[in-house]
Structure formats: C-alpha cells, structure tokens
Amino acid sequence: MSVSTEKFLVIGPMDPIVAVLGGDITLPCSLSPTMNAENMELRWFRSNFSEAVFIYENQQEQKEKQMSQYKGRTLLVRDFLTQGKAAVRINKVRISDDGLYTCFFKSGDFYEEAPLVVKVADMGSDPQVHIEGPEEDGIRVVCMASGWFPKPLVQWKDPSREKFLAFSEVHAQDVEGLFSVEASLVVRDSSVRNVTCSIFNPILGQEKAKAIFIPEPFFPQAFSPWMPVFVVSLTMLMLLSLGAGYFLKKEHSAKVQEWKNQENLQQEKRKDKKDSELAMKEADELQRELISVSLCIVITFRVVDGQGIHADYDCSLTRVCSLSAWRKVQLYADWRKEHFQTWSVTLDPQSVHPCLALSQDNMSVTLKDNCEDLSDDRCSVVGTKGITSGQYYWEVEVRDGGTSEWALGVCREDVDRYGWLRLCPENGFWVVALFSSEYCAFTTPDTLLTLRQAPCQVGVFLDYDDGDVSFYNMTDGSHIFSFSQDSFSGALFPYFIIYSGALSLTICSMEGGPKGTPMLLNTFLSSLDESMSPPEEGLRSGSGGDGVLPGVESPLLPSGPRAVPP
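Residues numbered from 1 in each chain as written. Predicted model: local features only at pLDDT ≥ 70, side-chain atom pairs only at ≥ 80, totals over all residues. Heavy atoms only, no water.

**Topic: the sheet that holds strand β17 (residues 194-201)**
Argument step 1. One open sheet holds the four strands; their spatial order is β14-β13-β17-β18, and the pairing between them is antiparallel. On the outer flanks of this sheet lie β14 (163-164) and β18 (206-213), each paired with one strand and no other.
Argument step 2. Where strand β13 (residues 153-157) meets β14, two bridges bridge the pair, whose relative direction is antiparallel. Looking at the pairing, tryptophan 156 lines up with phenylalanine 164 of β14. (Pairing = 2+ DSSP bridges. Helix = DSSP H or I, 4+ residues; strand = E, 2+ residues; numbered from the N terminus.)

Here you go:
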C-alpha cells in the first residue's frame, strides 16, 4: 500500500473501507516520515488523474477540476495536516462511490501516491417467503428480497440447519444499482415441515432470514383422489386469509384515527385552558402595573413646581420604564439600554478564519482580498470573553453592508464553527444575517425580515438569565428580531461572519456614551393625549417596526387623563 522514495512515503489503509449506502466515509492518507503537508498539493482521484474527487492546492480547495458527482459532498479533514495526515470525507455515499481511489501527495517536483479501496454495501428488505403450490413430486417455495448491494448470497436451510443445494436463483439490478433476488426451492421430503430462506451481505457480514411452515396436506400424493380437494382448500384458505387481513387492517386504521382525533381534541382543550389562564394572569399583572404608574405620575405632578418640573418628570419616567412589563413589549433600543450593561468586545485572534483580517486593536474584521468564493465556507471570528449570566449589550458598525453578505450574533462556546452544522438555536447559534440581498434570522426554517431601514449599526442585547437574544437597528432604534424563551448553558460569545463583499464589521466604542435618551416634559405632554388610551392588541416580536410603539407612547400609561393641580 506504499511506495518507497528518497523523500517520503504515502501510506493508505491496508484493508478496504466499508461504507453504508447513504452514510459518510473518510479516505485517510499519511506521510512517512512525518512532515508538514499544509503547503503540498493533495489530490484524491478515481481511475484517472483527471477524475478528481477532491483537490487541495495553495492551502485551499480547488473546485473547478472536481468531478460533478462529488461537488457539494466532499470536505477536507485538515486538523492534522501539520503532522502529515490528511483525509477526505464523502457525504451521502452512493453506489457509484464503490471502487478504487488513489491518494496523491506532491511537494515541489516530487510526488508519491497510494491506493485505497472503498466497498459500498446496503442491507435491503427482509425476505418474503410464500408457497406457490405443488410441483412435480414436491412443493415449490419462493423467497424474494430487494434493495441489496452488492449482489447478495441466498441459502435455503431445513430445521436441522442443513443447506439445500438444489434451487433456482434469479438476480436483477435496478437503475440505482441495487439488487433484487428471487430464489425457488422444491421441497420433496414430506417430513420437512419448516424451511428458512437466508439473504446474506458478503461485505457487511450480516443476513436476514425468514422461515415458513409447510402443512402436510400440501404435499402431493400419488393417485390420491383428495388432491383436487387440497388445491381448492388451499385457494380458499388464501382468499379467506387475505379478506380477513384486509378487514382487520381497515378496522385497526379506523380505531387509530379515532384515537388520534380524541387526542388532538384533548390537546386543543388543554392549550385553550392554558392560554386562557396565561391571558388572565397577564391582564392582572398589567392592571396592577397601570395602577402603580398612574399613582406615581399623579404624586409627581402634585409635589413639583414650575422650577423643578423637568427633573421630577424624568424620575417618574424612570420608574415607569423599570417596571417588569417592559419585558413583554418590543421597545426602542434606547429604552432597553437603560437596563443592560455594556459589554466590552475584543475579537479573538486565535479564533479568526484564515480568510479574515483583524485590525491592530482587534476591534474590526474584514475579508482578505484573495478570498473570493466563500459560499461553502464560514469565515468567522468570536470575541475573547464569554457571558455566563446577566444582561449585556454591544453595538457593531456595518460598513457597505448593503452590497455584501454578513452575519452576527452569539454562539455557544462548544459549537463547531467550521463544520457542516446548521446555524440555528438548536445547534448553539443565535444569529441574524444579510444573505442573498435579504435580511433573515437563522431559525428552523430561516425567518425572512422586512426592515424599514438598512442597519448601519446593529445592537445585540443578551439577557442570559431570561434566555433572550434581541437585535436592534441602532440607526433608527427599531427592533429587528428576538430569539426568546431559550435556556442557555455554558458561556456565550459574540459571533461574526463575513460571507462576501468589501465590508467591515467594527465593534463600536461604548465608553462615555449615554445610557438612554432623556425626554423633555413638553414632548411628553404633546403625546400624552395619544398615549392615554390602552393599545387594542398586544405587542409581539417581529422584524422592522412591528409591535414597537413610536415616541414615548407606552401601554404602561394610565387609560384616561388626570387633572394636574396648579
């Protein structure tokens, strides 16, 4: 499996690599003696050098010469390239993947190669055995199975595990390359009441078997006047069995459907009851908070005079904003900044993708000029510090974001940032993105977002304890999207991706900035009449400005005007 040279050997596996149809396989090769293969040309090909399965050259994958049947199904395992070990992973194995491969390593003008053998196998259907009827001086029994690869081996055995040597066998192969088999056995010994059909896969070393019982009256007897009776009885028995099976299956299906309908009805009732209880609870809490706010505002206007009215109103407004009801509505970003601490984000140089470049202060990331096609790769970087509790926020400036593709948010510490894992909360990612000229949130499936204005500055608000990650357009203060009702585990890190385009993602400096936007009393008075009536429907998370109250309007304000004493 290796060729001796003066510089290095290329070594492949000694035994064939067994791959199950539809699964994944890895084709490993290594160098001896151990040396760094990062700057070498690596190639895996089939019978000819031009039939490339995967090409690695100039420290990146070369797709233009790859065979079409392997595009989108291969990935280089590069974790041990510096140790002279490399492997190609092939996903969703097909029948056509079966056969011989060659692993090729080249350094300068010197190269060596080693062969690899892949054996694709698949266990097909269970054998189906039935009696066809008398034939000559015995009974014909037929065994059928389909969906096997490679061509399976068939055996007939009696109860003593003795093999029947004489039987007919027919194989066929479908358009996908899978084999089906039909084997017929004539049992002439009337003392043999049980026979077993066994289908064996020679690659996997596994088999599936099915036995059948042969009643004694089925065996033909010479000059017996009862033979026609047995034939008729057999036919009637088969018809009755089919009829009984059909009616039993139909009755069972009807009972299963009725049970499902009852279960769905019970679930709907429980859901309605739960929703009703939750609505009543929220209504009671909102009513108590409205009363508290109304009392707060009335007392404030009674104790202030014309000289101190601005300061006292700001105090009352702070009390309004600090109520727990703010969590149930989507407010402007400046409102939420009142309750979150700023998080100092610095990009981690150890986590940066090779195609990304960091600024000297590790506060900005851009795409390198020599990295063009990144559609199959994730050029990402994370922050240096993780968050394990509390409420924090940071802001990111997106320059030239309208013509580029990017994503940002948070990710769990233990995620695989370079694998084929889908970016979604179930896999430890809470991310929004601009991708293919559309804004979206990476949920399951993706949620398309409609924004009133393209965000040049995005605010990320992480409430670790309540399991909430919210994004805001800091340009106009509008809400973009919220991932809520999640239970976090482990540290969460700021997460950034650049897919394409000449853009930069820059961490905004939060030092010395205001925590919120102060509001003058005349602005409040001018909108007070509009804010007195309660909202007609509850606010909800969404994109753009859905569910966001304009200006200073809030459902926490009292439902009717109150007279202000002089």
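**Overview of the confidence of the model for the protein**
Argument step 1. With 77% of its residues at a pLDDT of at least 70, the protein reaches an overall mean of 79.
Argument step 2. Taken element by element, the predicted model of the protein shows its lowest mean pLDDT in helix α4 (residues 521-531) (38) and its highest in strand β28 (residues 457-463) (95).
Argument step 3. Residue range residues 295-330 is modelled with pLDDT below 50. Its contacts to residues more than four positions away, or to other chains, number 56 contacts.
Argument step 4. Counting interchain partners and residues more than four positions distant, the pLDDT-below-50 stretch residues 513-566 has 94 contacts. (pLDDT = per-residue confidence, 0-100. Contact = heavy atoms within 4.5 Å.)

**Here we look at the environment of glutamate 64**
Argument step 1. Its place among the elements puts glutamate 64 in the loop between β6 (60-61) and β7 (74-77).
Argument step 2. Judged by relative accessible area, glutamate 64 falls into the exposed class, the value being 58%.
Argument step 3. The spatial distance from the C-alpha of glutamate 64 to the C-alpha of alanine 52 is 10.0 Å, given a sequence separation of twelve residues. (Buried < 20%, exposed > 50% of the residue type's maximum accessible area, 1.4 Å probe, protein only.)

**Focus: the sheet that holds strand β4 (residues 41-45)**
Argument step 1. On the basis of which strands lie adjacent, the open sheet formed by six strands has the order β2-β10-β9-β4-β5-β6 and mixed pairing. Either end of the sheet is taken by a strand with one partner, and the two such strands are β2 (17-20) and β6.
Argument step 2. Relative to strand β5 (residues 52-57), β4 is paired through four bridges, and the arrangement is antiparallel. By the bridge assignment, arginine 43 is partnered in β5 with isoleucine 55.

**Observations concerning the pairing of β28**
Argument step 1. In terms of burial, β28 is a largely internal element, six of the seven residues being buried.
Argument step 2. Bridging between strand β23 (residues 391-399) and β28 involves seven bridges; their strand directions are antiparallel. Note that in β28 the partner of glutamate 397 across the bridge is glutamine 457.
Argument step 3. With six bridges joining them, β28 and strand β29 (residues 468-473) adopt antiparallel strand pairing. The partner of leucine 462 across the bridge, within β29, is valine 469.
Argument step 4. In this structure, the hairpin formed by β28 and β29 is closed by a connection of four residues, where glycine 467 is found at a positive phi of approximately 65 degrees.

**Here we look at the pattern of salt bridges**
Argument step 1. Counted by the stated rule, this structure contains eleven salt bridges.
Argument step 2. The residue aspartate 126 makes a salt bridge to lysine 208 at a minimum N-O spacing of 3.5 Å. In this pair, aspartate 126 sits in the loop between β10 (110-121) and β11 (128-135) while lysine 208 sits in strand β18, placing the two residues 82 residues apart along the sequence.
Argument step 3. Overall, aspartate 126 belongs to the partly exposed group, its relative accessible area being 45%.
Argument step 4. Judged by relative accessible area, lysine 208 falls into the partly exposed class, the value being 24%.
Argument step 5. Where glutamate 251 meets lysine 255, a salt bridge forms, and the shortest distance between an N and an O atom there is 3.6 Å. Placement of the pair is glutamate 251 and lysine 255 together in helix α1 (residues 227-303), with a separation of four residues, close to one helical turn.
Argument step 6. Residue classification places glutamate 251 among the partly exposed residues on the basis of a relative accessible area of 44%.
Argument step 7. Here lysine 255 falls in the exposed class, since its relative accessible area comes to 53%. (Salt bridge = Lys/Arg side-chain N within 4 Å of Asp/Glu carboxyl O.)

**Things to note about a nonpolar patch on the surface**
Argument step 1. A cluster of nonpolar side chains, contributed by Val232, Met236, Leu239 and Leu242, occupies part of the molecular surface with about 420 Å² of accessible area.
Argument step 2. Turning to its location among the elements, leucine 242 is positioned in helix α1. (Patch = residues over 30% accessible without salt bridge, like charges linked within 9 Å, V, L, I, M, F, W, Y side chains within 5 Å. Areas by Shrake-Rupley, 256 points an atom, 1.4 Å probe, with all protein chains shown as cover.)

**Focus: the environment of glycine 501**
Argument step 1. The topology assignment puts glycine 501 in the loop between β31 (492-500) and β32 (504-507).
Argument step 2. Spatially, the C-alpha atoms of glycine 501 and aspartate 400 are 8.4 Å apart, while their sequence positions differ by 101 residues.
Argument step 3. Not counting the four nearest positions on each side in its chain, glycine 501 is found in contact with Leu367 and Ser404.

**Remarks on the nonpolar core**
Argument step 1. Of all hydrophobic cores here, the largest spans 40 residues; its most connected members are Trp394, Leu408, Val469, Phe471 and Phe496.
Argument step 2. Top contributing element to this core by residue count: β23, with four residues.
Argument step 3. Sequence-distant contacts of tryptophan 394, that is, excluding residues within four places in its chain, are made with Trp343, Val345, Ile387, Gly409, Val410, Val458, Gly459, Val460, Pro494 and Phe496. (Core = buried A, V, L, I, M, F, W, Y, C linked by side-chain atoms within 4.5 Å.)

**Some details on unusual backbone geometry**
Argument step 1. A cis geometry characterises the amide bond from serine 32 onward to proline 33, with omega recorded as 0 degrees.
Argument step 2. Counting through the fold element by element, proline 33 comes out in the loop between β3 (25-32) and β4.
Argument step 3. Of note, asparagine 58 is a non-glycine position whose phi angle comes to about 60 degrees, a positive value.
Argument step 4. Tracing the sequence through the fold places asparagine 58 in the loop between β5 and β6.
Argument step 5. Positive phi values are uncommon outside glycine, yet lysine 92 reaches one of about 50 degrees.
Argument step 6. Mapped onto the fold, lysine 92 is located in the loop between β8 (85-90) and β9 (99-107).
Argument step 7. On the basis of relative accessibility, which here comes to 60%, the residue lysine 92 falls in the exposed class.

**Digging into the state of the cysteines**
Argument step 1. Per the counting criterion, the structure on display carries two disulfides.
Argument step 2. Disulfide pairing places cysteine 29 opposite cysteine 103 at an S-S distance of 2.4 Å. Taken as a pair, cysteine 29 in strand β3 and cysteine 103 in strand β9 lie far apart in primary sequence, 74 residues in all.
Argument step 3. Across the disulfide, cysteine 143 is cross-linked to cysteine 197 (sulfur-sulfur distance 2.0 Å). Every disulfide takes its handedness from the sign of the S-S torsion; for cysteine 143 and cysteine 197 that torsion is -75 degrees, giving left-handed. Taken as a pair, cysteine 143 in strand β12 (residues 138-148) and cysteine 197 in strand β17 lie far apart in primary sequence, 54 residues in all. Across the pair, cysteine 197 and cysteine 143 agree in class, each one buried. (Disulfide = S-S within 2.5 Å.)

**Regarding the pairing of β5**
Regular strands have side chains that alternate between both faces of the sheet.
Argument step 1. Judged by how many residues are buried, β5 sits mostly within the fold: five of six residues are covered.
Argument step 2. Between β4 and β5, which pair antiparallel and follow one another directly, the connecting turn spans six residues.
Argument step 3. Pairing geometry for β5 and β6, over two bridges, is antiparallel. For glutamate 57, the partnering residue across the bridge sits in β6 and is glutamine 60.
Argument step 4. Hairpin connection, β5 to β6: the antiparallel pair is bridged by two residues, and asparagine 58 has positive phi, about 60 degrees.

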